[in-house]
Every structure is written in C-alpha cells, then in structure tokens.
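Take a look at the letters that make up each chain.
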Amino acid sequence: MSLTKEKLLHMYRLMLDIRNFDNKVNQMVKKGQVPGMTHFSVGEEAANVGAISAIGKGDLITSNHRGHGQSIAMEIDLNGMMAEIMGKANGTCKGKGGSMHIADLENGNLGANGIVGGGMGMAIGAALTQKMKKTGNIVLCCFGDGACNEGTFHECVNLASVWKLPVIFYTINNSYGISTPIKSVINVEYNYLRAGAYGIPGYLIEDGNNVLDVYRMLEEVVKYVRDGNGPVLVESLTYRWYGHSTSDPGKYRTKQEVDEWKKKDPILKFKVYLIENKIATDTELDELDAKSKERVEESVKFAQSSPDPNLESAFEDIFAD
Ligand SMILES: Cc1ncc(C[n+]2csc(CCOP(=O)(O)OP(=O)(O)O)c2C)c(N)n1
Ligand SMILES: [Mg+2]
C-alpha cells in the first residue's frame, strides 16, 4: 500500500472536515440558516475518503444527493461549499445548486445529483470521453445502495461493460434508501453480486468504516480500470448516523441499531490505527480536529458575509456560449 505518513494524516484531516462540516450544517439547518433539504455524510467518512484518496489527479467523480463527503474528499474549497449551501453568490456554483447540486468541475467533481441514479449516465459519458481521448483518466461513479434498483444502473453498467469503459461503479451501502432496508428490496445478499450479470468483477468491502480497507481495495481496482480492463462494481458497507435528510425523524430504525454503528466510528477507528502505529500522537490528532473546526467556522463566516445572488444572475449560465 502506497501511503506515506503525510498522506495518512491528510486522509484523517479530510475525514474530520466531513464530520465537522456536516455537524455544523446540521446545527445551521436547525436554526433556519440553510435553505432547502440537506443530506449528511456523517458516519460514511471512511467510505468516501478511502475511495477518493485512491484516485489520481485528472480522474473524475460523479456523486449523488448525499454528496458533501465526496465533495470534501475531492478537496473542494470549504468556504465556497458553505456559501453554496447557503445559496450565496460566492458559492462554488454561484449559489444556484445548493447542497444537492454541488459541482466543482475544475477539480474533477462532475457534480452531486438530486436524481437517484442520475450520476451514472454522466459517469459513463465522461468515461467514454476519457477512452476516446486516451487521457488515461478514470471515473469514480458514487451512489447509494438504493440507486442499484434504478433502471439506469443496469443500462449504464451493461453499456460500460460492453464498451470496456474506464469507470468504477462505487456503491456506498448504508443499509437504507430513505426508510426502505435494501435487504427487503433485492433478492441477492448484496448489490456487488450483480456485477456477474454484466460480465464485470464485483467486490465487497465488508468494513467500509475502515478507511484503509476501502483505500486498499480501491487502489487495486483503480489500477485494473486504468489499465484498460473495463469497469468494476465495488460496494462498501457503512452507515449514516443522521436521518436520511434533515426532514427525517428516523422512525424505521432503532436507537440500538444506530448506537451499534456509532461504536464502529470510522474516525475513531482510524485514530486508534494512527496512534497504535506511532504515526501520530493523540495530541497531534486532536490538534488536527481543532484546526478542522476552525476551518469550518471560517467557512461559515465567509458564507454569512457573502452577498446573495442578484436577480439578473438567474438568467446566466443557462445556455452554452
Ligand atoms: C429517481 C428518483 N427517485 C426517487 C427519489 C427520492 N429519493 C431521494 S434519496 C432516495 C433514496 C436513495 O437511497 P440510496 O441510493 O441508498 O442513497 P442514500 O440516501 O442511502 O445515501 C430516494 C428514493 C429521487 N430523488 N430520485
Ligand atoms: Mg442507502
């Protein structure tokens, strides 16, 4: 595994940023400071950071409605992201996208998407571009367990397989699509098993809360896909700590179930690894957490002092020049 101390600590920092950013946004939603609906990545930090840390510069991702974790793992500017979520003119997408449509094209993030499965067609289109232009870049297509029952999943995995496109279909299985347990709507144990139906490899990361397990698997499949062998389907098992969205009281799962998963906290797990392997001390890691919280507070100040978009801007960016 090609991970330096610097990279490990960077991954830890990204996981902290996801947790602290989303915890802050959750508080702000409760105070009515964030318009619209928001979906959090808390609990899924390892599944996001482990995967995205294994792709390279120039590679692309597509995301879904729960895209905060992926945007942060792609190193989006936190100030711009917070301003976007607050609908401000200085936001990453000029305040027009909000939480569910954050995109950062210059840095390879083709966008979050409010349509379940909506990123998949974009991902294979982008993968076809990489193949035709021989860029050597690949696409990491991120989506949830529920999205695997959308028709577009089957169409896109099939086409990507037939055309041997450089795309990783990466499903983050948090056990639910809103209130529906995934196991009640599929007749195989896991979605990754469906890969065989399309003639591509499928892999399960049993502990999607272990960032290094995720990284190791993704590092291997990134190489396979980049070498021109066609797509793969990878599934990570993890859990979201909060409700589906900020409007979900979460009555379909027990407190005991949520608490069991909180014991498998991906950040704590990584922290223990870093300390036990003498990569960093407890104090150093706490300092990283304090700095992460400062960055998040800074982003709130930036967003709050940013202007609202003006009326004319509603008519900009509609047609291509
Ligand atoms: C095409 C479509 N159908 C239904 C919805 C409503 N919807 C929003 S999120 C969601 C569940 C998605 O579950 P999953 O893919 O597992 O992602 P998770 O929220 O668990 O991360 C549904 C059904 C939608 N946004 N788009
Ligand atoms: Mg889900």
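Residues numbered from 1 in each chain as written. Chains lettered and ligands numbered in written order. Predicted model: local features only at pLDDT ≥ 70, side-chain atom pairs only at ≥ 80, totals over all residues. Heavy atoms only, no water.

*Asks:* Can you lay out the overall build of the protein for me, pointing to particular residues and giving the numbers?
*Replies:* Across its full length, the protein carries 10 helices and seven strands. For 321 residues, the compact-globule estimate of 2.2 N^0.38 gives 20 Å, and the C-alpha radius of gyration of the protein, at 19 Å, lies within 12% of that figure. The dimensions of the protein, computed from C-alpha atoms along their principal axes, are 55 × 50 × 40 Å. Looking at the protein residue by residue over its 321 residues, the buried ones come to 54%. A sequence separation of at least 24 residues applies to 73% of the contacts in the protein between residues at least 6 apart. Surface exposure of the protein reaches about 14600 Å², of which carbon and sulfur atoms provide 53%. Charged side chains of the protein number 35 positive and 41 negative; the gap between the two group centres comes to 2 Å. (Helix = DSSP H or I, 4+ residues; strand = E, 2+ residues; numbered from the N terminus. Rg over C-alpha atoms; globule rule 2.2 N^0.38 Å. Buried < 20%, exposed > 50% of the residue type's maximum accessible area, 1.4 Å probe, protein only. Contact = heavy atoms within 4.5 Å. Areas by Shrake-Rupley, 256 points an atom, 1.4 Å probe, with all protein chains shown as cover. Lys, Arg positive; Asp, Glu negative; His and termini not counted. Charge placed at Lys NZ, Arg CZ, Asp CG, Glu CD.)

*Asks:* I'd like a description of the pairing of strand S7 (residues 232-237), backed by residues and values.
*Replies:* Burial analysis of S7 places six of its six residues in the buried class, the great majority of the element. Alternating positions in S7 separate into two faces, Val232, Val234 and Ser236 on one and Leu233, Glu235 and Leu237 on the other, with burial throughout. By the bridge criterion, six bridges tie strand S3 (residues 167-173) to S7 in an arrangement that is parallel. Bridge pairing links Thr171 to Glu235 in S7. (Pairing = 2+ DSSP bridges.)

*Asks:* Explain the coordination of the magnesium ion (ligand 2) to me, and be specific about the residues and the numbers.
*Replies:* With distances of 2.1 to 2.2 Å, the protein atoms coordinating the magnesium ion (ligand 2) are Asp145 (OD), Asn174 (OD1) and Tyr176 (O). Look at where the donors of the magnesium ion (ligand 2) fall in the sequence and you get D-x28-N-x1-Y. Note that Asp145 is positioned in the loop between strand S2 (139-144) and helix H6 (151-162) and Tyr176 in strand S4 (residues 176-177), a separation of 31 residues in sequence. Comparing Asp145 with Tyr176, the two get one shared label, buried. (Donors = N, O, S within 2.8 Å, 3.2 Å for Na, K, Ca; no water.)

*Asks:* I'd like to hear about the packing of aromatic side chains, residue by residue, with values.
*Replies:* Considering all chains together, one arrives at seven aromatic pairs under this definition. With 5.5 Å between their ring centres and 70° between their planes, Phe40 and Tyr242 make a pair best called edge-to-face. Taken together, the residues Phe40 in the loop between helix H1 (5-30) and helix H2 (45-52) and Tyr242 in the loop between S7 and helix H8 (255-262) connect sequence positions 202 residues apart. A relative accessible area of 26% places Tyr242 in the partly exposed class. Through pairs of rings, three or more aromatic residues link up here, namely Tyr12, Phe270 and Tyr273. It is Arg19 that lies over the ring of Trp241; its NZ or CZ is 4.3 Å from the centre. The ring of Trp261 has Lys264 lying over it, and the distance from NZ or CZ to the ring centre is 3.8 Å. (Phe/Tyr/Trp six-rings, centres within 6.5 Å; stacked < 30°, edge-to-face > 60°. Lys NZ or Arg CZ within 6 Å of the ring centre and 35° of its normal.)

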